[in-house]
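# Understanding the architecture of this molecule
Read off the chains here:
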Amino acid sequence: MSRYGPEDPSVLHYQYSHISRKAWAGEETTSFNIRRFEGHFWEIDNHHRGVIDYVCRFGLGGVLFCGKALDVDHALITALVERWRPETHTFHLPVGETTITLQDVQVLWALRVDGVPFTGNGFCETGWRGLCEELLGFYPLQNEMKESGILASALIHRMMIEPLEDGLEDEAYIQRARMIVLVLLGGLILPDSSGCKIPLMWLTQLRDVEAASMISWASAALATLYHNLCEASMCKRTDIGGPTVLLQLWVWERMPTLRQDFVSARIHTNNTPCALMWTGSYMINRAPKHSVRHYREQLSLLQNSQFIWMPYVDRQLPDSCLEMNNSWRSVTYMVCWAIVEAHEPERVVRQFGGTPFIPELRDWGFNENHFKTNRRGKAKTNWAVQNKAYIQHWERRSQFVTNHYMEPLADHVQVMRTRQYMEWYFKITITYITQPGRLPEVGMNTVASSSTLQAETLARVFHMSRGFDPANAVGLLHEINSLALNCLTECSESERTVIPSTQRTDVDMSRGFIRRARGVGQRGVRTGGHGYSRHFRMSQDMPGSLQAGNEENVNSDDNIDLDTLIDNFAAEPEMQHPPALDPSSWFPTWSDAPQSSWVTPFDRVGLPWQPTTQDSFFSGVHIVHSPTNEELDDDAADDDDDDVDDALESFAQLERPRSSAYIERPTRREHIDPPRSSVQVDRPSSSAHTAPPDKERSRPSLSQTIMGMFPRRRSSRDNRGKGPIKYTPSSFK
């Protein structure tokens, strides 16, 4: 492609340093290391009931109740980072802008949204070890400390070896609850890149239980996630912190094609956080894991019907997961100590049931250096004072809730606004993550970019051909030809311009098939089964001229119900009062096609059907006999003639049997090889066939002639391995 980047660069002004450029250049994106270290904490199953009550009062009861989350898929998070835009704090997907909002954090983990920001002073005058002794109940060792933080393993080990009993003072339960809160914050909700170290400055905000219960944990978690996604998307780090578990849960809620294949169906339990639903076992053999290319392809091919915009509308949630004061849709700042990020839910109004519109480009006062914000070298900074302006904006968040996009609109207005938004969106976003037509040297092929380019080319041709001027038809054809050639070239399919297309539009695919007659006309496959012999078939009704007239509109390839056909035949007057017996009509004629796989050799030479009678059926037939041994002599032939003549005379005097249990239908004749028989029947050509038969060969009897018209059914058991054809029985009834 001639140019890479958005058509309108007014929004994505950080594209020149975005991680998606690596995928466009063909470089392999290495999966990010996920920071998470609370795993051993879930091995403790003897928490005192008083401790759990205080954890709930601190505001983290929902996270503790949901239990241990499944492992984070590093490849999935990496593919999402390629789609993250730090300019708008949204994922740019083919369906539009989407993102994780305060609503998702509260609904999934039951974390409080309304409250004060989680921030404070990063310095303790009494020392961090003394603060641990006061608020945690133990004095940590020197090797359990790391600068201004404490190792998570020290807290987990302390809780394992010192379980609490009943009858203790409330302060003992509060101290143990603070330890649990620190582990959940540092290992799951707010993990950073400092390893397994938990900042002890958080402990200063947990001194008072009632004050800590008013902290907005949801905004702190979302701000941390936004900040880590921005840093990773700008190639600032090789690992990623923040609540990546929460991001994975958000993906599973809204994009079913990216979910794991769980053993049992995921059903939400009423009055519980939604994260509890995504626990359990999944099938490893069918889980699309550990492949960035796979997730990249799935995200690039995502359709609007595959994205769930409002997954929580039909669920009964507890009060801790319900919205208060419209904070979910407030356009404001989110603060978590040194981290400050913007919350823009108006860009994803479809996640709240609104109609999308073109949002205004806000200036949040951030620049590229904003992504480098951290606490290094700022140990004595009071972050509450440093971010005072942003905190004040958060406190007035209810004033920045816009509701005009939530008003109900007519259907045609919603369609029009959605179309206008998507037209604008495709101009400001990156349509292709990888180059169309680029084939990797190793690993799986990628086709998402090529498919997108082909769809865009077809859409462009469609719009060009609508309402065109017939006078400019030649120019239009040349332009369409140029578009098709460029598309095929960029998709590495240019060889198709010299190879004829394999799609034949004149193929009739609407014709059905005979359901029960398996293998009709196919070599080596017999139609009949047990109880369906040639004698049984000959004992059934053969289609005469009257029945053939009733079946003239019946297509042999249509899927016809035999029972209905039998009832229709039985209702005809001719069937109620059958005509006089005519043995000549019992023989298959060119107008009455045989219905079984035992067809005459004439069917195999592709000659047209011609009406005939019994007398003319054998006239002019050149019969060539090829005896294998001296088993066929003249005496045996004469005896067979006499036997057949007697049989025909006695058979003609019998009443013609009539059965409605089986109605044979015409079948498609196919050109197949003649049966393996010692009798060969040659159909006379259009010119008179005057060549006399070979006098040196004995003349076959009439029974041998009739038997030679049908392929000999041979037992597969008796003739196993004696020929290239093996007849297999079927279940025809």
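Residues numbered from 1 in each chain as written. Predicted model: local features only at pLDDT ≥ 70, side-chain atom pairs only at ≥ 80, totals over all residues. Heavy atoms only, no water.

## Observations concerning the confidence of the model for the protein
Condition: The pLDDT score gives, residue by residue, the confidence of the prediction method on a 0 to 100 scale. Any two residues having at least one pair of non-hydrogen atoms within 4.5 Å are treated as being in contact.
Per-residue pLDDT for the protein has a mean of 76; in total, 66% of the residues score no lower than 70. Segment residues 651-696 is flagged for pLDDT under 50; beyond a separation of four residues in sequence, or across chains, it makes 97 contacts in the model. Contacts of residues 723-728 to residues separated by more than four positions or lying in other chains number 15 contacts, the stretch itself having pLDDT below 50.

## Some points on the nonpolar core
Which entries qualify depends on this criterion: Grouping buried Ala, Val, Leu, Ile, Met, Phe, Trp, Tyr and Cys residues that are joined through side-chain atoms within 4.5 Å yields what is termed a nonpolar core. Throughout this description, buried means an accessible area under 20% of the type-specific maximum (1.4 Å probe, protein chains only), exposed means over 50%, and partly exposed covers the range between. In this text, helices come from DSSP runs of H or I with a minimum length of four residues, and strands from runs of E with a minimum of two, each type numbered from the N-terminal end.
The biggest cluster of nonpolar side chains holds 123 residues, and the ones touching the most others in it are Phe41, Trp109, Leu111, Phe118 and Ile189. It is helix 8 (residues 170-189) that provides the largest number of residues to this core, a total of 12 residues. Every residue in contact with Leu111, bar those within four places of it in the chain, is listed here: Gly59, Leu60, Val63, Val105, Gln106, Ile189, Trp217, Ala218 and Ala221. Membership of the second largest hydrophobic core comes to eight residues, among which are Leu12, Tyr421, Trp424 and Ile430.

## Remarks on unusual backbone geometry
At Glu147, a residue that is not glycine, the phi angle is positive and equals roughly 55°. Mapped onto the secondary structure, Glu147 falls in the loop between strand 5 (145-146) and strand 6 (149-151). Its identity is not glycine, yet Asn271 carries a phi of approximately 60°, on the positive side. Mapping Asn271 onto the fold places it in the loop between helix 11 (244-254) and helix 12 (292-300). Judged by relative accessible area, which is 44%, Asn271 ranks as partly exposed.

## Section: the packing of helix 2 (residues 49-58) against helix 8
Under the convention used in this document: Note on method: axes are straight lines fitted to C-alpha atoms, helices fitted across the in-contact stretch only, with angles between N-to-C directions ranging 0 to 180 degrees. Each angle is binned into one of four classes, with values under 35 degrees roughly parallel, values over 145 roughly antiparallel, values of 65 to 115 roughly perpendicular, and all other values oblique. Crossings are classed by handedness, with left-handed meaning an anticlockwise turn of the near helix from the far one by less than a right angle and right-handed meaning a clockwise turn. Here the term charged refers only to Asp, Glu, Lys and Arg, the term nonpolar to Ala, Val, Leu, Ile, Met, Phe, Trp, Tyr, Cys and Pro, and the term polar to all other amino acids, Gly among them.
Contact geometry for helix 2 and helix 8: axes closest at 8 Å, N-to-C directions at 60°. Our classification of the angle between helix 2 and helix 8 gives oblique. For the pair helix 2 and helix 8, the crossing hand works out as right-handed. Contacts from Gly50, Val51, Tyr54, Val55 and Phe58 of helix 2 reach helix 8 at Asp170, Tyr173, Ile174, Arg176, Ala177, Arg178, Ile180 and Val181. Within the contact of helix 2 with helix 8, the residues separate by chemical class into nine nonpolar, one polar and three charged.

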